[in-house]
Amino acid sequence: MPESNPYKVLGLPPHASQGDIKRAYRRLVKQYHPDSQHEQANHEKIVELNAAYEVLGDPQQRSVYDQQVYEQQRMGSQYRRQKRSQASQEEYQTTQESGRDRDVHFVRWFQGVYQPVNRLISQILNPLEAEIDQLAADPFDDELMSLFQNYLSNCRQDLNQAQSLFASQPNPAKVAGVAANLYYCLNHISDALEELEWFTLNYDDHYLATGKELFRRAGRLREDAQYSVSRFS
C-alpha cells in the first residue's frame, strides 16, 4: 500500500512547486521502473509513486488534499471521454446551416474549415510512427524523450488551431456527416495526446499503446471524412 502522505512518497516539502513535483516524479520513476535495469527497480514503488503523483500532479486535487477535505479521486480518463463525447454531441447540434445560399456556404466552409483542419490533422498523425521509432531506441534517454515531448507539444498547438477553425463557422447541412467525422477525429486526437503525455511521465507502455490506437481511430475518421467530402467538392 502506498504511504498516505504523497509529499513523503516523492521526497518533497509541502511548499514544493508543480515543477519540483513533476521533476521528482520523473526522476524516481526512472530510478524504480522495472525496465530501467536499475538495481533499485521496484514495481510496488512505481505503484506508490503513481498514486502520489495522481494527487500532487493535479493542482486542483493537490489543493483539496492540502485542505484535508478530499472527497473524490481524480476523474479517470474514460469518464472524461464520455463526458466530452456528450458535450461534443450537444455542441455539434449548434453547427447546422442557417443560411439560404448552400453552395456559397459549402465553398466557404470547405476552404476556410475543412482544408486547413485536414492539413493540421495530417501534421499531427503522419509523424507519429517515426517519432515513436526514434524514442524506442532508449525511452529513458532524456534527450530522446525531450524530442518526443516537443512533438507532442507541437501536436497540441496544431490541435488547438484545428479546433478553433472547426468552431469558426457552421457546417453546411449537406456535409453534416463529414463535419461529425472531423469532430470525433479531433476528439480522438485530444484523447491520444493525453495518453501519450502520461507515457512521457511514467513510461507505462499501456499509455503508449492506447495513444497509438486512438491515433489509428482518428486516422480512420479522417479517411471517412475525406471520402465523403470528395462527393461534394
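Above this text you will find the structure in question.
What this report covers is the structure whose coordinates are included nearby.

**Brief notes about the pattern of salt bridges**
Here is step 1: Within the structure shown, the criterion is met by 6 salt bridges.
Here is step 2: Asp142 serves as the salt-bridge partner of Lys30, at 2.6 Å between the closest nitrogen and oxygen. Taken together, the residues span a long stretch of sequence, with Lys30 in helix H2 (residues 18–32) and Asp142 in helix H8 (residues 142–166) at a distance of 112 residues.
Here is step 3: Owing to a relative accessible area of 48%, Asp142 belongs among the partly exposed residues under this scheme.
Here is step 4: Lys45 serves as the salt-bridge partner of Glu48, at 3.2 Å between the closest nitrogen and oxygen. Of this pair, Glu48 and Lys45 both sit in helix H3 (residues 43–56), separated by 3 residues, roughly a single helical turn.
Here is step 5: For Glu48, a relative accessible area of 11% corresponds to the buried category.
Here is step 6: Each of Glu213, Arg216 and Arg217 takes part in salt bridges that share partners, so that together they form one network.

**Some words on the packing of helix H7 (residues 128–136) against H8**
Here is step 1: Packing of H7 against H8 brings their axes to within 9 Å, and their N-to-C directions diverge by 165°. Classified by the interaxial angle, the pair formed by H7 and H8 is roughly antiparallel. As H7 runs across H8, the sense of the crossing is left-handed. Contacts from Leu128, Glu131, Ile132, Gln134 and Leu135 of H7 reach H8 at Leu144, Met145, Leu147, Phe148 and Tyr151.

**Here we look at the environment of Pro139**
Here is step 1: Within the secondary structure, Pro139 is located in the loop between H7 and H8.
Here is step 2: Its relative accessible area of 26% is what places Pro139 among the partly exposed residues.
Here is step 3: Considered as a pair, Pro139 and Tyr203 are 64 residues apart in the sequence and their alpha carbons are 7.6 Å apart.
Here is step 4: Pro139 has contacts with Met145 and Tyr203, leaving out every residue within four places of it along the chain.

**Observations regarding unusual backbone geometry**
Here is step 1: Of note, the phi angle at Tyr203 is positive, near 60°, even though the residue is not glycine.
Here is step 2: Its place among the elements puts Tyr203 in the loop between helix H9 (176–202) and helix H10 (205–229).

About the criteria used
- Think of each chain on its own: its residues are numbered from 1, step by step along the sequence as written.
- In keeping with the predicted nature of the model, local features appear solely for residues at pLDDT of at least 70, side-chain atom pairs appear and are counted solely at 80 or more, and the whole-chain, interface and lining totals rest on all residues.
- As a rule here, side-chain values come from all non-hydrogen atoms in the structure, and water together with hydrogens is ignored.
- The rule for a salt bridge is simple: a side-chain nitrogen of Lys or Arg has to be within 4 Å of a carboxyl oxygen of Asp or Glu.
- Runs of H or I in DSSP of at least four residues are treated as helices and runs of E of at least two as strands, each being numbered from the N terminus.
- Relative accessibility under 20% of the residue-type maximum defines a buried residue, over 50% an exposed one, and the middle range a partly exposed one, all with a 1.4 Å probe and only protein chains included.
- Angles here are taken between N-to-C directions and fall from 0 to 180 degrees, while the axes themselves are lines fitted to C-alpha atoms, restricted in helices to the stretch in contact.
- What sets the label is the angle itself: under 35 degrees gives roughly parallel, over 145 gives roughly antiparallel, 65 to 115 gives roughly perpendicular, and the rest give oblique.
- Should the near helix be turned anticlockwise from the far one by less than a right angle, the crossing is left-handed, and should it be turned clockwise, the crossing is right-handed.
- Residues count as neighbours in contact if any of their non-hydrogen atoms are within 4.5 Å of one another.

So, to be careful, I would describe these as geometric facts and stop short of saying anything about function.
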